[in-house]
Amino acid sequence: MTTNQKNVSTALVIIAYAIVYVVWGSTYFFIQMAINGFPPMMMGAVRFLIAGGLLLAWCAIKGDKLWVKKDIITSAVSGLLMLFVGMGIVIWAERSLPSAMVAIMVSTNPIWFVLLDRANWKVNFKSKTTLSGLALGFGGVFLLFGEAINKSANGKFSPAQLIGLLLLLFGPAAWAAGGLYSKRQGSNAPARINTAWQMVFAGLVYIPASFADNEFSTFNISRVPMHAWLAIIYLIVFGSIIAFSAYVWLLSVRPATQVSTHSYVNPVIAVLLGTIFAGEIISSLQLLGLFVILLSVLLINFTKYFSKSSLKIIGT
């Protein structure tokens, strides 16, 4: 257990986990609501530039040191991987795929944390349960792709949907890479500073992406419906500032594999919101794929969850 882990309040850890679990599960639903009024890359720029700017202003008011070169570089790299590549793929995919389906694919995030966590390869790959979990997880992904390919052959799945599904293989990998990079580089700055810079850098890169997609030439702000405005406000305040700050802070005080357990709850909430409020239809095979993926995540982290050190952390 690190010094940070020893000194942190258990109550704060529980609250942070609850925020990441519940709020992030709802963001898939609100992203799809937002892009019904905003072009996807423009929505990413608006969301992260406003959220990052507000958070930087708050840091300045608190008297934080904003211009630490090492922290800015770390935040730029991790922010681009997590919020531009990882989240950008999610936003792009939701143009053609149901939000619940996107959430199911993103639930593979913990698998990528293990595969990319090179420092712990010797430990992870010696575990039979971890190896079984990895195999089972990719089996769940193949279930989803098998159904998609079958539907595509029958004309029930468009090329855009198939491309979106393929891209969603790389989104969780980019997110895991960014999270691990941020954790390994470390920082003495408060989590809010790192979070703010991550969002600002990601938001800046979304702007040329929006121009490249020719979004500004077709966008008319007067035609944006009220529900899209409300959705983007929710994403800025809750999805970005509050939940992402909690996530980055958790990475600094808890093992990455424990933090990644939000992937158990997020897709369940996303599926519930999508089916109840958006009328999305999730097939039994897709639900089976989600179950298989989540079971694989449990196997991957089994030894960590039930080790003596983990139980001690939970019981403090």
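For the structure itself, consult the block above.
Rules used throughout
- Residues numbered from 1 in each chain as written.
- Predicted model: local features only at pLDDT ≥ 70, side-chain atom pairs only at ≥ 80, totals over all residues.
- Heavy atoms only, no water.
- Salt bridge = Lys/Arg side-chain N within 4 Å of Asp/Glu carboxyl O.
- Helix = DSSP H or I, 4+ residues; strand = E, 2+ residues; numbered from the N terminus.
- Buried < 20%, exposed > 50% of the residue type's maximum accessible area, 1.4 Å probe, protein only.
- Phe/Tyr/Trp six-rings, centres within 6.5 Å; stacked < 30°, edge-to-face > 60°.
- Axes fitted to C-alpha atoms, helices over the stretch in contact; angles between N-to-C directions.
- Contact = heavy atoms within 4.5 Å.
- Patch = residues over 30% accessible without salt bridge, like charges linked within 9 Å, V, L, I, M, F, W, Y side chains within 5 Å.
- Areas by Shrake-Rupley, 256 points an atom, 1.4 Å probe, with all protein chains shown as cover.
- Core = buried A, V, L, I, M, F, W, Y, C linked by side-chain atoms within 4.5 Å.
- Expected span 1.5 Å × (residues − 1).
- Bend = angle between axes of the 7 residues up to and from the residue.
- Polar contact = N/O pair within 3.5 Å; in protein donor to acceptor, adjacent residues only side chain to side chain.

### Details of the pattern of salt bridges
(1) Moving on: Throughout the structure, instances matching the rule amount to 3 salt bridges.
(2) Moving on: Between Arg192 and Asp64 there is a salt bridge, with its nearest N and O atoms 2.7 Å apart. Of this pair, Arg192 sits in helix 11 (residues 191–212) while Asp64 sits in the loop between helix 3 (40–61) and helix 4 (69–93), and the two are 128 residues apart along the sequence.
(3) Moving on: Judged by relative accessible area, Asp64 falls into the buried class, the value being 16%.
(4) Moving on: With a shortest N-O distance of 2.9 Å, Asp117 and Arg184 are connected by a salt bridge.

### Thoughts on the packing of aromatic side chains
(1) Moving on: Per the counting criterion, the structure on display carries 20 aromatic pairs.
(2) Moving on: With a centroid separation of 5.7 Å and 55 degrees between ring planes, the pair formed by Trp175 and Tyr247 is classed as tilted. Linking Trp175 in helix 10 (residues 171–185) with Tyr247 in helix 12 (residues 226–253), this pair joins segments that are 72 residues apart in sequence. Across the pair, Tyr247 and Trp175 agree in class, each one buried.
(3) Moving on: Each member of the aromatic cluster is reached from another via a ring pair, and the members are Phe29, Phe30, Tyr234, Phe238 and Phe277.

### Things to note about the packing of helix 5 (residues 99–106) against helix 8 (residues 128–153)
(1) Moving on: In contact at an axis separation of 10 Å, helix 5 and helix 8 are set at 150 degrees when each is read in the N-to-C sense. Across from Met101, Ile104 and Met105 in helix 5, the residues of helix 8 making contact are Val141, Leu144 and Phe145.

### Considering a nonpolar patch on the surface
(1) Moving on: Nonpolar side chains collect at one region of the surface, where Ile221, Met226, Trp229, Leu230, Ile233, Val237, Phe238 and Ile242 lie side by side and expose about 730 Å² of accessible area between them.
(2) Moving on: Tracing the backbone shows Val237 in helix 12.

### Things to note about the nonpolar core
(1) Moving on: Counting 91 residues, the largest nonpolar core has Met43, Leu168 and Tyr247 as its most contacted members.
(2) Moving on: The element best represented in this core is helix 12, accounting for 15 residues.
(3) Moving on: Contact partners of Tyr247, with chain neighbours within four places excluded, come to Val20, Trp24, Met82, Phe113, Trp175, Val259 and His262.

### Concerning helix 4
(1) Moving on: Its 25 residues give helix 4 an end-to-end C-alpha distance of 34 Å, which sits within 8% of 36 Å, the value for a rise of 1.5 Å per residue.
(2) Moving on: Its maximal kink placed at Gly79, helix 4 deviates by approximately 35 degrees.

### Quick notes on the side chain of Thr130
(1) Moving on: For Thr130, the position within the fold is in helix 8.
(2) Moving on: Polar side-chain contacts of Thr130 include one of 3.2 Å to the backbone oxygen of Ile300.

### Some thoughts on helix 5
(1) Moving on: Extensive coverage of helix 5 is indicated by the burial of 8 of its 8 residues.
(2) Moving on: Within the sequence span of helix 5, burial applies to Ser99, Ala100, Met101, Val102, Ala103, Ile104, Met105 and Val106.

### Some remarks on unusual backbone geometry
(1) Moving on: Of note in the backbone geometry, Asn214 takes a positive phi value of approximately 60 degrees without being a glycine.
(2) Moving on: Positionally, Asn214 belongs in the loop between helix 11 and helix 12.
(3) Moving on: The partly exposed category is assigned to Asn214, whose relative accessible area is 47%.

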